[in-house]
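Residue strings, one per chain:
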Amino acid sequence: MQHKPLRQATNIDQVFSNAYWHLGQQDFTIREIRTKLERKTDNQQWIDTVITKLVEDGYLKNDAQFAIRYCELAFSHELGKSAIKRKLQIRGIGITDIDNAIELVMQQQNIDPYALATSRLLNKFPTFQHTSREKLFSQMMTKGFSHAEIEHALSQHPQRESLRTKLAIKANKVDLKTEIIKLYKTKKSKID
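Residues numbered from 1 in each chain as written. Predicted model: local features only at pLDDT ≥ 70, side-chain atom pairs only at ≥ 80, totals over all residues. Heavy atoms only, no water.

1. Things to note about the pattern of salt bridges
Moving on, step 1. The tally for this structure, following the rule as stated, stands at 6 salt bridges.
Moving on, step 2. One salt bridge connects Lys53 with Asp57, and the closest N-O pair in it is separated by 3.3 Å.
Moving on, step 3. Its relative accessible area of 40% is what places Asp57 among the partly exposed residues.
Moving on, step 4. Between Arg69 and Glu72 there is a salt bridge; the shortest N-O distance is 3.9 Å. Of this pair, Arg69 and Glu72 both sit in helix H4 (residues 63-76), separated by 3 residues, roughly a single helical turn.
Moving on, step 5. The exposure class assigned to Glu72 is partly exposed, which follows from its relative accessible area of 25%. (Salt bridge = Lys/Arg side-chain N within 4 Å of Asp/Glu carboxyl O. Buried < 20%, exposed > 50% of the residue type's maximum accessible area, 1.4 Å probe, protein only. Helix = DSSP H or I, 4+ residues; strand = E, 2+ residues; numbered from the N terminus.)

2. Comments concerning the nonpolar core
Moving on, step 1. Residues Cys71, Phe75, Ile84, Leu88, Leu121, Leu136 and Leu154 are the most contacted members of the largest nonpolar core, which totals 29 residues.
Moving on, step 2. Examining the composition of this core, we find that 6 residues originate from one element, H4, more than from any other.
Moving on, step 3. With near-sequence residues (within four places) excluded, Phe75 lies in contact with Lys81, Ile84, Ile102, Val105, Met106, Gln109, Ile111 and Leu116.
Moving on, step 4. Membership of the second largest hydrophobic core comes to 13 residues, among which are Ala9, Val15, Leu23 and Phe28. (Core = buried A, V, L, I, M, F, W, Y, C linked by side-chain atoms within 4.5 Å. Contact = heavy atoms within 4.5 Å.)

Pasting the structure below:
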């Protein structure tokens, strides 16, 4: 994706301002902030100075610390392990830091992935009136839950008997008389 050219920084204070503005929007990894600052200036000494100061002052965290903080927030928003892992990998965090952070946060917060899946399912799908089994599985898997975790969550849902497959939903909408006539006409045309 092409970025619109930014007005280049003429002094280090503008580089600091740019970094603070970005960090005011959301947390970034050191690599992400470096990329943003490199758009603002090509003076590597300014960029290194700004990043060092941001780390010293606690505005930026190393990858391991960033991953831990991200995991804490993600689990509180009922995301599963695989979604967290995928999102952190996209942000450039190493797999070792990701796995360590997930394990640490799950231990510290005593997170049970099956209970987490159940909680998310109950919160997002109080009823299954407007969804199919396939759609539910797709949405839950996108949010990082395994097939086993979703099956467990479904077994805990009070409306589990009302969840239907796409085929069953489609079958309910079909007019049997019309379908028999269609079938008869297609068979008849093949015989003629």
